[in-house]
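Observations on the three-dimensional arrangement
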Amino acid sequence: GDHEWNIKLSNQRYFGNKDIRKSGTDATSLSLVGLEVDRFLDSHYYMVGAALGAYSGHSGGYAVGLIGMGRRVAIREHWDLFAKVLLGVAGGGDVSTGGGFIYQPMLGAEYKFSKSFGIQTSFGHVKAFNGSLNTTVLNLGFSYKFRSID
């Protein structure tokens, strides 16, 4: 059958607080850029893979790899809402990730300009299982959709 894919180029912001870094004193916000690939299992549920790296916020070298599941709901002709839960590994840049395992639940909306292109925003939380990283996340990005045939 054919499968829907969604590729997102994202800018993500970790809101600054003293729990982000190992030092416990630097509360600067952290900005990351990355790529997310979604593969739809049906019209609602999808698998997620994402990779991001920090480009500002005193944390150069911080990198994140995430996988998870999401659900999309169409609310209007051009508007979708989505929710996803991501798990993964992160480290570097003095960010307090403990053993490196993090989770990141997100809620968002997407406006589709066409069948192929859209803009999306989401917010949620990132938390380390064993480190002090624990903060709000805001994501903005562009999406490109296409279909593949097995």
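You'll find the structure just up there.
So, a few notes on the structure that sits alongside this text. Values in this document were obtained by computation on a predicted structure and should not be read as measured data.

A word on the sheet that holds strand 6 (residues 101-112). Strand order around the closed barrel formed by 8 strands is 1-2-3-4-5-6-7-8, with antiparallel pairing between neighbours. Strand-to-strand twist across the sheet, computed as the mean angle between neighbouring axes with direction ignored, equals 25°.

Because side chains alternate across strand 7 (residues 117-128), one face comprises the buried residues G118, Q120, S122, G124, V126 and A128, and the other comprises F117, I119, T121, F123, H125 and K127, none of which is buried. Both strand 6 and strand 7 contribute to a ladder of 9 bridges, which runs antiparallel. Looking across to strand 7, one finds that E110 is bridged to Q120. Remark: 4 residues form the turn of the hairpin made by strand 6 and strand 7, two consecutive strands paired antiparallel. Of the strand pairs in this sheet, strand 7 and strand 8 (residues 134-149) are connected by 11 bridges, and their pairing is antiparallel. Bridge pairing links G118 to S143 in strand 8. In this structure, the hairpin formed by strand 7 and strand 8 is closed by a connection of 5 residues.

Relative to the elements of secondary structure, S29 occurs in the loop between strand 1 (2-14) and strand 2 (30-40). Sequence-wise, S29 and F123 are 94 residues apart; in three dimensions their C-alpha atoms are separated by 15 Å. If we skip the residues at most four places from it in the chain, S29 touches R13, Y14, F15, G16, R21, S56 and G57. Separated by 3.0 Å, the side chain of S29 and the backbone nitrogen of G16 make a polar contact.

Here the focus is the side chain of K112. As for its placement among the helices and strands, K112 is situated in strand 6. On the basis of relative accessible area, K112 is assigned to the buried category, the value being 16%. Among the polar contacts made by the side chain of K112, one reaches the side chain of D80 at a distance of 3.2 Å. The contact partners of K112, leaving out residues within four places of it in the chain, are E77, H78, D80, F117, G118 and K145.

Attention shifts here to the packing of aromatic side chains. For any pair of aromatic rings, geometry is given as the distance between the ring centres together with the angle between the planes. The final tally for this structure, using the stated rule, is 8 aromatic pairs. With 5.9 Å between their ring centres and 70° between their planes, Y14 and Y62 make a pair best called edge-to-face. With Y14 in strand 1 and Y62 in the loop between strand 3 (45-56) and strand 4 (63-74), this pair connects stretches of sequence that are 48 residues apart. Each ring, one from Y111 and one from F113, has its centre 5.4 Å from the other, and the planes form 80°; the classification is edge-to-face. With a relative accessible area of 28%, Y111 lands in the partly exposed category. Ring pairs connect the aromatic residues W5, F117, Y144 and F146, which therefore count as one cluster.

Attention now goes to the side chain of T97. In this structure, T97 sits in the loop between strand 5 (79-91) and strand 6. Here T97 falls in the buried class, since its relative accessible area comes to 5%. Each residue touching T97, except ones within four places of it in the same chain, is listed here: Y62, A90, G91, I102, A128, G131 and L133.

Looking now at the nonpolar core. By size, the foremost hydrophobic cluster in this structure holds 23 residues, and its most contacted members are Y14, L30, L32, Y62, V64, I102 and L133. For this core, the secondary-structure elements that each account for two or more residues are strand 2, strand 3, strand 4, strand 5, strand 6 and strand 7. The element best represented in this core is strand 3, accounting for 5 residues. The residues contacting L30, other than those within four sequence positions of it, are Q12, R13, Y14, I20, R21, A54, S56, G57, S59, Y62 and V95.

What counts and what doesn't
Residues numbered from 1 in each chain as written. Predicted model: local features only at pLDDT ≥ 70, side-chain atom pairs only at ≥ 80, totals over all residues. Heavy atoms only, no water. Pairing = 2+ DSSP bridges. Helix = DSSP H or I, 4+ residues; strand = E, 2+ residues; numbered from the N terminus. Axes fitted to C-alpha atoms, helices over the stretch in contact; angles between N-to-C directions. Buried < 20%, exposed > 50% of the residue type's maximum accessible area, 1.4 Å probe, protein only. Contact = heavy atoms within 4.5 Å. Polar contact = N/O pair within 3.5 Å; in protein donor to acceptor, adjacent residues only side chain to side chain. Phe/Tyr/Trp six-rings, centres within 6.5 Å; stacked < 30°, edge-to-face > 60°. Core = buried A, V, L, I, M, F, W, Y, C linked by side-chain atoms within 4.5 Å.

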